[in-house]
Amino acid sequence: MKLSPLQTARYEYAPKLPGMLRNGIADICVNEGAETQSVADQEKIAALFPNTYGKKEIIFAKGQNTSAPKTHKVGVILSGGQAPGGHNVVCGLYDALKATNPENELYGFKGGPSGLIEDDYIIMTDEYIDQFRNTGGFDIIGSGRTKLETNEQFAIAAEVCKKHGITAIVIIGGDDSNTNAAILAEYMAANNTGVQVIGCPKTIDGDLKNEDIECSFGFDTATKTYSEIIGNIERDANSAKKYWHFIKVMGRSASHVALECALETQPNICLISEEVAAKKMSLSAIADYIADAVAKRAAKGMNFGVAIIPEGVVEFVPEFSVLIAEINELLAGAKADAFNALPTWADKYAFIEAGLTKESMEVFAILPQAIQQQLFLERDPHGNVQVSLIESEKLFSALVADKLAARKAAGTYNGKFGALHHFLGYEGRCAFPSNFDSDYCYSLGYNAFMLIQYGYTGYLSKISNLSEPANEWVAGGMPITKMMNIERRHGEDKPVIKKALVELDGAPFKYFEAHREEWAENTCFVYPGAIQYYGPTEVCDITTVTLALEQGKMK
Ligand code: FBP
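Keep in mind that what you see is a predicted model, and the values were worked out from it rather than measured.

(A) How the structure looks around the side chain of Ser434. Mapping Ser434 onto the fold places it in the loop between α19 (426-429) and α20 (435-453). Take Ser434: its relative accessible area is 2%, and that puts it in the buried class. Beyond its immediate chain neighbours, meaning those up to four positions away, Ser434 contacts Arg10, Asp220, Thr221, Ile531 and Tyr533.

If you want it as structure tokens, here you go:
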């Protein structure tokens, strides 16, 4: 395989561990903190997790390692969407395992959680793993979205572990995957399988965070990658002065990615889905809000700008989410086949018109036809519209164009509006991890092995104090049940890790809110440039603005 010069150089990069993990495995001891409770619904969660609930917080420290000597065979799984740094979690886990005992083995289950139940794996070697150090992607073993959630699946997983002598599984995933890791840990404990389960917090979306998990890995690199591109587009807009750029960024439901990109690049507009929901903004109100900025800039002679649209925003618009729910109902079960069999769009439109309420039909009718059709694309495995396939950047620019045309007709706007569209998603998920993500991920993996070595199960690998230099990071673990509450999912009450949406009273949103009017009317663009891997620490080791604001490192 031909290697790029950067790839060759990144193989040599030595990720930075937290100070307490730097002394060698023999000199890492464990301190147990207080017993924990779930963030809500304590009685219900305790009853569902009798073997793993209420365990103590863990912090590692420099001191004699007192774990019981044992040969470890560990399995690792990458679950869900790619996030930069996943390879380094595997590398950190592998290095800790081999540093403890060269006889220890790491099984990489292929293609996501399904690899475990299909017993599809590779055994990691130095030669194999060295090709993936400090690189992006999940191609070391592949990823997948199969959910491990039923007792039948757990029983097969236990059999596979028994067959190979595997006594611990590390699941690298987002909130759903780690919820399932906790359920698997409970199953393994309840059935005396002797298999421990440890989770690692992954997702570029940034929505797996709480008072224990300061950020999920991948968020840093993905948002820096998107911000580089947004900054470049801003500079192009400011050079040519003739286009409004509508840029959709990934983030299935929460708007952390959009907000971080806005904090880094200071665009004219950034929608925040959580605010749209809180203010119950209609499509028309959002379009007016953007059109106001377009008109104010046009009045100053600036017929250009940049608007960031979070991927999941339409689901947060109350009238749109009702429309989506009605469409899901309209196409439930066999009705989808009847719909798909209709020969023309006109026939389909008539079917839709007959099935939707008057209110939803009014919303549907104002959508551009391409967006109307996107609402009827293939459903996800739960039968829901795949909102990531809806081109909301085009939806909003079309609605804004309509508003501006009306204003022009009324004589209140006299500018030019040329819109261009972009979607930034897959471009960022497999980027070379920033130094932050390289270090953080390697530490998460290394630390996951320390939790295994000390016999813990049902824990999330936890590295904190992340806005300080890596030497001052704190390594430990937190029971996953501590992060859980009960939520209604698909008509049933389920124990789940609470998803972190953007908090409207949190420091990142407050900062954005305080500045956005100025950014909207004037041109305050910031051009962050490409991620830097080599050079001064103030350029190469910067965290996200979100983390800096949350941890009071920026005002
Ligand atoms: P995870 O929650 O699994 O980390 O994935 C998040 C994400 O990257 C979203 O931002 C995006 O909506 C989605 O994955 C796309 O999924 P897919 O890779 O299946 O197209």
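(B) Focus on the environment of Ala354. Positionally, Ala354 belongs in helix α15 (residues 345-355). Owing to a relative accessible area of 71%, Ala354 belongs among the exposed residues under this scheme. Each C-alpha atom, one on Ala354 and one on Leu330, is 10.0 Å from the other, the two residues being 24 residues apart in sequence.

(C) Local environment of the site of the ligand. Surrounding the ligand, one finds 13 residues, the nearest of these being Gly81, Asp205, Glu311, Tyr426 and Arg429. Interatomic distance of 3.1 Å between a side-chain N/O atom of Lys202 and an oxygen atom of the ligand. In isolation the ligand has 490 Å² of accessible area, and contact with the protein removes 82% of it. Taken together, the residues of the shell around the ligand sort by class into three nonpolar, four polar and six charged. Each of domain 1 (21-218 + 433-489) and domain 2 (219-429 + 506-550) contributes no fewer than three residues to the shell around the ligand.

(D) Molecular detail of the packing of aromatic side chains. Taken as a whole and judged by the stated rule, the model has 22 aromatic pairs. Ring centres of Phe364 and Phe376 lie 6.0 Å apart, and the angle between their planes is 90 degrees; this geometry places the pair in the edge-to-face category. You can see Phe364 sitting in helix α16 (residues 358-366) and its partner Phe376 sitting in the loop between α17 (369-374) and α18 (392-410), a full 12 residues away along the chain. For Arg10, the ring lying beneath its charged end belongs to Tyr13, and the centroid distance is 4.2 Å.

(E) Quick look at empty space enclosed by the protein. What the rule picks out here adds up to one cavity of 30 Å³ or more. Lining of the largest cavity is provided by Gly206, Lys209, Glu214, Cys215, Phe219, His256, Thr544, Thr546, Leu547 and Glu550. If one sorts the elements of the lining of the largest cavity by residue count, helix α23 (residues 545-550) sits on top with three residues. Each of domain 1 (21-218 + 433-489) and domain 2 (219-429 + 506-550) gives at least three residues to the lining of the largest cavity.

(F) Summary view of the pairing of strand β6 (residues 168-173). Here β6 lies mainly inside the structure; six of its six residues are buried. Here β6 shows no split at all, with Ala168, Val170 and Ile172 on one side and Ile169, Ile171 and Gly173 on the other all buried. With five bridges connecting them, strand β3 (residues 73-78) and β6 associate as parallel partners. Bridge assignment links Val76 to a residue of β6, and that residue is Val170. Where β6 and strand β7 (residues 196-201) come together, six bridges link them in parallel fashion. Residue Ile172 lies in a different strand from β7, and its bridge partner there is Cys200.

(G) Spatial organisation of the sheet that holds β6. One open sheet holds the nine strands; their spatial order is β1-β2-β13-β12-β7-β6-β3-β4-β5, and the pairing between them is mixed. Bordering the open sheet on either side are β1 (28-35) and β5 (121-123), each of which pairs with just one other strand. Between one strand and the next, the sheet's axes are offset by a mean angle of 25 degrees, whatever the strand orientation. Along the sheet face, helix α7 (residues 175-190) touches β6, β7 and β12 (459-464) and points at about 170 degrees away from the line of β7.

What counts and what doesn't
- Residue positions are given per chain, counting from 1 as you read along its sequence in written order.
- Side-chain atom pairs in this predicted model are given and counted only at pLDDT of 80 or more, local residue features only at pLDDT of at least 70, and totals for whole chains, interfaces and linings cover all residues.
- Working from all heavy atoms in the structure, the side-chain values ignore hydrogens and water.
- Strands are runs of DSSP state E lasting at least 2 residues, helices are runs of H or I lasting at least 4, and numbering of each runs from the N terminus.
- In this scheme, a residue with accessible area under 20% of its type's maximum is buried, one over 50% is exposed, and one in between is partly exposed, where area comes from a 1.4 Å probe on protein chains only.
- Residues count as neighbours in contact if any of their non-hydrogen atoms are within 4.5 Å of one another.
- For this description, a residue counts as near a given molecule or strand if any of its non-hydrogen atoms is within 4 Å of it.
- Whenever two N or O atoms come within 3.5 Å, that pair is a polar contact, provided that in protein one can donate a hydrogen and the other can accept it, and provided that, for residues adjacent in sequence, both atoms are side-chain atoms.
- The method behind every accessible area is Shrake-Rupley, applied with a 1.4 Å probe, and residues are considered shielded solely by the protein chains displayed.
- Throughout this entry, Asp, Glu, Lys and Arg are counted as charged residues, while Ala, Val, Leu, Ile, Met, Phe, Trp, Tyr, Cys and Pro are counted as nonpolar. The remaining residues, Gly among them, count as polar.
- By convention here, the domain bounds are inherited from an automatic or database domain assignment.
- Stacked, tilted and edge-to-face are the three classes assigned to paired rings of Phe, Tyr and Trp, where Trp is represented by its six-membered ring and a pair needs centres within 6.5 Å; plane angles under 30 degrees give stacked, over 60 edge-to-face, the rest tilted.
- Think of it as a cone above the ring: NZ of Lys or CZ of Arg counts as a charge over the ring if it is within 6 Å of the ring centre and within 35 degrees of the ring normal.
- Buriedness of a pocket was judged along seven lines, with at least five required to meet protein on both sides within 12 Å; pockets are open sets of points on a 1 Å grid over the protein atoms alone, cavities are sets where a 1.4 Å probe fits but cannot get out, and lining residues have an atom within 4 Å of a point.
- Grid points are joined across faces, edges and corners, and a volume is the space filled by probe spheres set on the points.
- Any two strands with at least two DSSP bridges between them are considered paired.
- Axes, fitted as lines to C-alpha atoms, cover a helix only where it is in contact. Angles between the N-to-C directions of the axes lie from 0 to 180 degrees.

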